[in-house]
Amino acid sequence: MRFASRISSLASPGKSGWHIHHVAKKMIQRGEEVILLTVGDSDFASPAGAVAAAGESLARGRTHYTSSAGERSLRDRIARWHTGRSGQKVDADQVIVTIGAQNALLTAALCLLDPGDEVIVPEPMYSTYPGTIATAGGIAVGVPSPAENRFHPLVDRMAAAVTARTRAVFLATPNNPTGAVYTLDELNAVGSICRQHDLWLVSDEVYGSLVFEGTHVSAAALPGLADRTVTIGSLSKSHAMTGWRLGWMIAPPPLAAVAASLSGYNTYGIPTFIQDAAVVALETEPEGAAGLKAAYAKRRRRMCEALEGIPGIAPHWPEGGMFVMLDVRLTNLTSHDFAAELLREYGVATLPADDFGQSTVGYLRINLGAPDDLIEEAAKRIAAYARELAKRRNVAPSEYAALQ
Ligand SMILES: Cc1ncc(COP(=O)(O)O)c(C=O)c1O
């Protein structure tokens, strides 16, 4: 059978890395006890106010077609929320409501890229970026953000990666998987590359309310960037509303107008009752769902403290987001083999991070979106496995310390 070339060229996102996740899901189905720390979802309930608002909206009959770019009340609320958080003044017409941030990323790619256009992306990158960019005919060009640089982008390397075909930079701050919170200087430097080469900047800020170290900076608010920056947001992570599929893009007016037209052929509108609930979520809990950030901060500390000083492994304290990265390279196992045995023998499912980019080969991504007791239990089991590996290899902990 023949498919469009854009589809044939798509690999499923992070294909091999997700193998562990699929095995873990099968084990759970068979009734085996597994702590699942793979996918970036959480155990937190969505805000009660949003749940109630969705019910009331349904009861009021808000079940019909709506404006394809989004309800005015929500676009207005998002615009004000964004201005409050970033300092960038935007109005409701610049906001397009989408099916989660993922649909906003695809909308941006479809609006900005022609076939063969290159997009510079600091890697490790969120696993859908290459496929999202490829769907629009573009090519993601990864530029390293190495562990030695705390997984922050090497801006000089980004500048060197610009070619005549480069059309845009996509980045996520805080980053998935590493949690790196890009600094003002870094974002200004990326911004000046964009200005110098007339590039678009797509700034994915879905983890913007989950920052533990440093300050979240919204690129569109920086001098000279408002006209070329698209801000991507969503309620998925900040409000534990992954399944509601409510996101947005905020764009300069001409791009917002084009994206609004595209929405007529793409989503044709987002469920009205979900938009009503989103207004309430942003109105009542503008900093993110109550207690969420503090809960992640606590889990981050527990996980990292429990894994520190264990032979062969080293946790990376994330500056933001909901994941801990674990360096397993000194065990001499691949991240996949480490994760596979950890799952099989210790019942903990983690995500090998090699598919996110060269900079995280040999790392695991550990999701913190599980109840505290499971996070603690998982940390204990990971530590026990690492100790067991060290014993098997007959390596004294002191030797590992020297290596580290
Ligand atoms: C960096 C990043 N961007 C976008 C998304 C997609 O989020 P949404 O659920 O809003 O589509 C995710 C989800 O994990 C993500 O990590």
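As a convention, each chain's residues are numbered from 1 in the sequence order in which they are written. Where local features are concerned, this predicted model is filtered to residues with pLDDT of at least 70; where side-chain atom pairs are given and counted, the filter is 80 or more; whole-chain, interface and lining totals use all residues. For side-chain calculations, the full set of non-hydrogen atoms in the structure is used, while hydrogens and water are omitted.

Caption draft 1: Region of interest: the packing of aromatic side chains. Centre distance within 6.5 Å is the pairing criterion for rings of Phe, Tyr and Trp, where only the six-membered ring of Trp is used; planes under 30 degrees apart are then read as stacked, over 60 as edge-to-face, and the remainder as tilted. Applying the stated rule across the entire model yields nine aromatic pairs. Where Tyr-65 meets Tyr-268, the ring centres are 5.3 Å apart and the plane angle is 75°; that geometry is what we call edge-to-face. With a gap of 203 residues between them, Tyr-65 in the loop between helix H3 (48-59) and helix H4 (72-86) and Tyr-268 in the loop between helix H9 (253-263) and helix H10 (272-284) connect regions that are remote in the sequence. Here's how the labels work: a residue is buried when its accessible area is under 20% of the maximum for its type, exposed when over 50%, partly exposed in between, all with a 1.4 Å probe on protein chains only. The exposed category is assigned to Tyr-65, whose relative accessible area is 73%. Consider the ring centre and the ring normal. A charge sits over the ring if Lys NZ or Arg CZ is within 6 Å of that centre and within 35 degrees of that normal. The ring of Phe-323 carries the charged tip of Arg-365 above its face, separated from the ring centre by 3.8 Å. Secondary structure elements follow DSSP: runs of H or I of four or more residues count as helices, runs of E of two or more count as strands, with numbering from the N terminus.

Caption draft 2: Representation of the sheet that holds strand E3 (residues 118-123). By this definition, two strands are paired if DSSP reports at least two bridges between them. Spatially, E2-E8-E7-E6-E5-E3-E4 is the arrangement adopted by the seven strands of the open sheet, whose pairing is mixed. If you trace the sheet from one side to the other, it starts and ends with strand E2 (95-99) and strand E4 (139-144), each paired once. The mean angle between the axes of side-by-side strands here comes to 25°, regardless of whether they run parallel or antiparallel. Alignment of strand E7 (residues 229-234) against strand E8 (residues 246-250), held across four bridges, turns out to be antiparallel. The partner of Ile-232 across the bridge, within E8, is Met-249. Two residues form a contact once any of their heavy atoms are found within 4.5 Å. Helix axes are fitted to C-alpha atoms over the stretch in contact, other axes to C-alpha atoms as well, and angles between N-to-C directions run from 0 to 180 degrees. Each of E2, E7 and E8 touches H4; the most contacted strand, E2, lies at about 110° to it. Sitting on the sheet, H9 is in contact with E2, strand E6 (200-204), E7 and E8, with an inclination near 35° to E2.

Caption draft 3: Examining the site of the ligand more closely. Neighbouring the ligand are the residues Gly-100, Ala-101, Gln-102, Tyr-126, Asn-176, Asp-204, Val-206, Tyr-207, Ser-234, Ser-236, Lys-237 and Arg-245. Nitrogen and oxygen atoms within 3.5 Å of one another constitute a polar contact, given that in protein one can donate a hydrogen and the other can accept it, and given that sequence-neighbouring residues count only through two side-chain atoms. Within the side chain of Asn-176, one N or O atom sits 2.8 Å away from an oxygen atom of the ligand. Here an oxygen atom of the ligand and a side-chain polar atom of Ser-234 are 2.7 Å apart. The biggest single contributor to the shell around the ligand is helix H5 (residues 100-112), with three residues. Throughout, the ten residues Ala, Val, Leu, Ile, Met, Phe, Trp, Tyr, Cys and Pro are labelled nonpolar, Asp, Glu, Lys and Arg are labelled charged, and all others, Gly among them, are labelled polar. Tallied by class, the residues present in the shell around the ligand amount to four nonpolar, five polar and three charged. In this text, near means that some heavy atom of the residue lies within 4 Å of the molecule or strand in question.

Caption draft 4: Seen up close, a nonpolar patch on the surface. Candidate patch residues must exceed 30% relative accessible area and have no salt bridge, after which like charges are joined if within 9 Å and Val, Leu, Ile, Met, Phe, Trp or Tyr side chains if within 5 Å. Throughout, the Shrake-Rupley method with a 1.4 Å probe supplies accessible areas, and for residues the shown protein chains are the sole cover considered. We define a salt bridge as a side-chain nitrogen of Lys or Arg found within 4 Å of a carboxyl oxygen belonging to Asp or Glu. A cluster of nonpolar side chains, contributed by Met-1, Phe-3, Ile-7 and Leu-10, occupies part of the molecular surface with about 500 Å² of accessible area. With respect to the element layout, Leu-10 can be found in the loop between helix H1 (5-8) and helix H2 (19-29). Here Leu-10 falls in the partly exposed class, since its relative accessible area comes to 32%.

Caption draft 5: Structural view of the environment of Leu-184. With respect to the helices and strands, the residue Leu-184 is situated in helix H8 (residues 184-197). Distance in space between the C-alpha atoms of Leu-184 and Thr-215 is 8.5 Å, their sequence separation being 31 residues. Once you skip the residues sitting within four places of it in the chain, Leu-184 turns out to touch Val-217 and Leu-222.

Caption draft 6: Local environment of the environment of Leu-110. Looking at the element boundaries, Leu-110 is found in helix H5. A relative accessible area of 39% means that Leu-110 is categorised as partly exposed. The spatial distance from the C-alpha of Leu-110 to the C-alpha of Leu-262 is 8.7 Å, given a sequence separation of 152 residues. Contacts of Leu-110, omitting those with residues within four sequence positions, involve Thr-135, Ala-136 and Leu-262.

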